[in-house]
Amino acid sequence: RATSGSATFAALSRACPLEHADARNTECARQLREAEKYEIAAQGDDYADSDLKTTNTEALAYAKAAATVLSMDVRLSEWTENLAGLKRALRREPFLGDFRTAQICEFVSTGSFEALRSFERNEPPIGSDGQRRIVNSARRSMHGAAAKREMGSVLGIGWRTAYQLYEGEHPTLPKVRSLAELKALRDSVPPSWRFGLDHHDELRNPVPAEEANAIRAAVLEIVDAQQGVEGGAWQASWVGGARRRMWPGHDVDLLVWHPTKAGSWGAATDECVLGQLLGELERRGLLRTRAEAWQMRSLNHRHRVAIESADGGTVRGHRRDHTLRMGVTTHGFENLSHDKTDRCFGVWRSPTTGEHHRVDLVVCGLAEELPFSMLAWTGSRLLNRLLRQRAIDLDLALTPHALHARQDMTVVIDARPGVERREIQLRALQEIPFELM
């Protein structure tokens, strides 16, 4: 299919650095990402709103615009005296329509843009029609995005709960208009929130590099002792922001995997790598238990389930149960929402300092799935969305476990070092063989 001229393909063909050579581009991208976060605070993330399951298109538009500003050759500092020319130059860039272009030009002229200033004042932002967006596409109020975002940053409180608190819709608590007001209600909130309120500032601090390395070392030491090192040692790779930035942020994300062994099996918690690991971490007092602090774990054990495929072979059921439901209207949101890896999001307590840090532990279930798990958990979120949208454009389905054909088709694997050019026939839902990837 001839989609090489699409904006998605153009964006994926570019390098997108963390910082642009022009400091004005870097600051503009930062502000666009801030607007994205405010949009999510007001509406929620994709398909998270039970009242209207849809893509948060405004948040996505800001994310795309920020990536474009970081990746483009246009240097914003060179256009302060020629906004008309800048507008023309920006409209040639992917993902920048008239409204987003006008916001970038406003930034170049004033150092900010009105929608962001409105968010920061807890006011509804100006929309593309020039009017204030009193409600969003989910019919939710756009007031108080800054306060909602601040309350939603508390461990254990998501965007939906923060929205309910601000709008006075929470079933047991009164209307709360700021984090300070919420802290004043500390003894009345659910127990699962109290740890997050008590340690809010601490959990937002960057994790020192030495502490991040100590967390990784402890995880590896326990897994090696529990699982053995036959066939190669277990690995714990940095993922998330630490892998993208090459330094830890306010949390530590680790992907545990083995070059040959399966990491998920059995029907009970203590029958898989992550279940055993969490048990030992809690026994040592390194990981706060669910009774002590917020913790979310998902132990799927899906990797032992196989079903018959159309060609008479077998495939893992967790790798294909949703692929035909993925469509072009989803904007590639499918990423971790269809991830079946075992994972735990929790709180680490340093044995040396006693300080707390957010930690996300993920176990890759099967060695062949490692590249897909690594991509999904490294991010960025936008990169994963664009890759999945590109796959949909080609009638493929990219998941955190495999790459599938969405219909009967011929797939061409181009020649590269160690791999000959091949054409393979696939039926709908069939996986592209891992050894060809």
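Structure shown above.
The text that follows walks through the structure, step by step, so that each part is easy to find. Note that this is a predicted model, so its numbers are computed, not measured. Each chain has its residues counted from 1, running along the sequence as written. Predicted model: local features are reported for residues with pLDDT of at least 70 only, side-chain atom pairs are reported and counted for 80 or more only, and whole-chain, interface and lining totals are derived from all residues. Side-chain measures here rest on the full set of heavy atoms in the structure, leaving out hydrogens and waters.

### Regarding the nonpolar core
Working step 1: In these notes, a set of buried Ala, Val, Leu, Ile, Met, Phe, Trp, Tyr and Cys residues joined through side-chain atoms within 4.5 Å is what counts as a nonpolar core. Summary of the burial criterion: residues with accessible area below 20% of their type's maximum are buried, those above 50% are exposed, and those between are partly exposed, where the area comes from a 1.4 Å probe applied to protein chains only. By size, the foremost hydrophobic cluster in this structure holds 29 residues, and its most contacted members are L32, V69, L76 and I104.
Working step 2: What counts as a helix is a DSSP run of H or I of at least four residues, what counts as a strand is a run of E of at least two, and both are numbered from the N terminus. If you list the elements that add at least two residues to this core, you get α2 (23-43), α3 (57-71), α4 (83-90), α5 (98-110), α6 (114-120) and α7 (145-152).
Working step 3: The next biggest cluster of nonpolar side chains, apart from the first, holds 27 residues, and it includes I222, A236, V252 and W348.

### Topic: the sheet that holds strand β6 (residues 342-349)
Working step 1: Any two strands between which DSSP finds at least two bridges are classified as paired. As summarised here, the arrangement of the five strands in space is β1-β2-β7-β6-β3, forming an open sheet in which the pairing is mixed. Each edge of the open sheet is held by one strand with a lone partner, namely β1 (235-238) and β3 (296-298). In this sheet, neighbouring strand axes are inclined to one another by 25 degrees on average, regardless of whether the strands run parallel or antiparallel.
Working step 2: Pairing geometry for β1 and strand β2 (residues 251-257), over four bridges, is antiparallel. Within β2, the position partnered with Q235 by the bridge is W257.
Working step 3: Two residues qualify as a contact provided that any one of their heavy atoms is within 4.5 Å of a heavy atom in the partner residue. Axes, fitted as lines to C-alpha atoms, cover a helix only where it is in contact. Angles between the N-to-C directions of the axes lie from 0 to 180 degrees. Those strands touched by helix α15 (residues 370-378) are β1, β2, β6 and β7 (356-363), and its axis lies near 175 degrees from that of β2.

### A look at the pattern of salt bridges
Working step 1: Whenever Lys or Arg places a side-chain nitrogen within 4 Å of a carboxyl oxygen from Asp or Glu, that contact is recorded as a salt bridge. Following the criterion strictly, the structure yields 30 salt bridges and no others.
Working step 2: When the shortest N-O distance is used, the salt bridge between R381 and E36 registers 3.8 Å. On the criterion of sequence distance, the pair formed by R381 in helix α16 (residues 381-393) and E36 in helix α2 is long-range, its members being 345 residues apart.
Working step 3: E106 is paired through a salt bridge with R117; the nearest N and O atoms lie 2.9 Å apart. Separated by 11 residues along the polypeptide, E106 in helix α5 and R117 in helix α6 bring together distant segments of the chain.

### Considerations on the environment of N384
Working step 1: Along the chain, N384 falls in helix α16.
Working step 2: We classify N384 as buried; its relative accessible area is 0%.
Working step 3: For the pair N384 and G332, spaced 52 residues apart in sequence, the C-alpha to C-alpha distance is 7.7 Å.
Working step 4: Looking at N384, its side chain comes within polar contact range of the side chain of R388, at 2.9 Å. Each polar contact in these results corresponds to two N or O atoms within 3.5 Å; when the atoms are within protein, one needs to be able to donate a hydrogen and the other to accept it, and residues that are neighboring in sequence are counted only if both atoms are side-chain atoms.

### Comments concerning helix α8 (residues 159-167)
Working step 1: Every buried residue belonging to α8 is among W159, T161, A162, Y163, L165 and Y166, and all of these are buried.
Working step 2: Elements that come into contact with the buried residues of α8 comprise α2, α7, α9 (179-184) and α10 (191-198).
Working step 3: With its phi angle positive at about 75 degrees, G168 sits one or two positions after the end of α8.

### So, unusual backbone geometry
Working step 1: Looking along the chain, the bond that leaves G379 and enters S380 is cis, with omega of 0 degrees.
Working step 2: Within the fold, S380 resides in the loop between α15 and α16.
Working step 3: A positive phi angle, close to 60 degrees, is found at D395, a residue other than glycine.
Working step 4: Checked against the element boundaries, D395 lands in the loop between α16 and β8 (396-398).

### Considerations on the packing of helix α12 (residues 209-227) against helix α14 (residues 273-283)
Working step 1: Between α12 and α14, the shortest axis-to-axis distance is 10 Å and the interhelical angle comes to 120 degrees. Between α12 and α14, the angle is such that the two are oblique. Our pair here, α12 against α14, has a crossing hand that is right-handed. Here V219, I222, V223, Q226 and Q227 of α12 lie close against α14, whose contacting residues are V273, Q276, L277, E280 and L281.
Working step 2: Amino acids are sorted into nonpolar (Ala, Val, Leu, Ile, Met, Phe, Trp, Tyr, Cys and Pro), charged (Asp, Glu, Lys and Arg) and polar (every other residue, Gly among them). Classifying every residue of the contact of α12 with α14 gives six nonpolar, three polar and one charged. By definition in this entry, angles of less than 35 degrees are roughly parallel, angles greater than 145 are roughly antiparallel, angles of 65 to 115 are roughly perpendicular, and the rest are oblique. By definition, any crossing whose near helix is turned counterclockwise from its far helix by less than a right angle is left-handed, and any crossing with a clockwise turn is right-handed.

### Describing the side chain of N25
Working step 1: By the secondary structure assignment, N25 is in helix α2.
Working step 2: In this view, N25 contacts H20, V69, L70, M72, V74, R75 and L76; residues no more than four positions away in its chain are not counted.

### Overview of the packing of aromatic side chains
Working step 1: When two rings of Phe, Tyr or Trp (its six-membered ring) have centres within 6.5 Å they constitute a pair, described as stacked for plane angles under 30 degrees, edge-to-face for angles over 60, and tilted for the intermediate range. Using the criterion set out here, one finds four aromatic pairs in the structure.
Working step 2: Centre to centre, the rings of Y38 and F119 are 5.3 Å apart; their planes meet at 20 degrees, and the pair counts as stacked. Of this pair, Y38 sits in helix α2 while F119 sits in helix α6, and the two are 81 residues apart along the sequence. For the pair formed by Y38 and F119, the shared burial category is buried.
Working step 3: Two thresholds decide whether a charge sits over a ring: the Lys NZ or Arg CZ must be within 6 Å of the ring centre and within 35 degrees of the ring normal. We note R149 situated over the ring of Y38; from NZ or CZ to the ring centre the distance is 4.8 Å.

### Description of α4
Working step 1: Taken as a whole, α4 has its buried residues at G85, L86, A89 and L90. Projection of α4 onto a plane perpendicular to its axis shows the buried side chains occupying an angular sector of 135 degrees, all on one side.
Working step 2: Looking at the packing, one finds that the buried side of α4 touches α5. Here the arc refers to the directions that run from the helix axis out to each C-beta atom.

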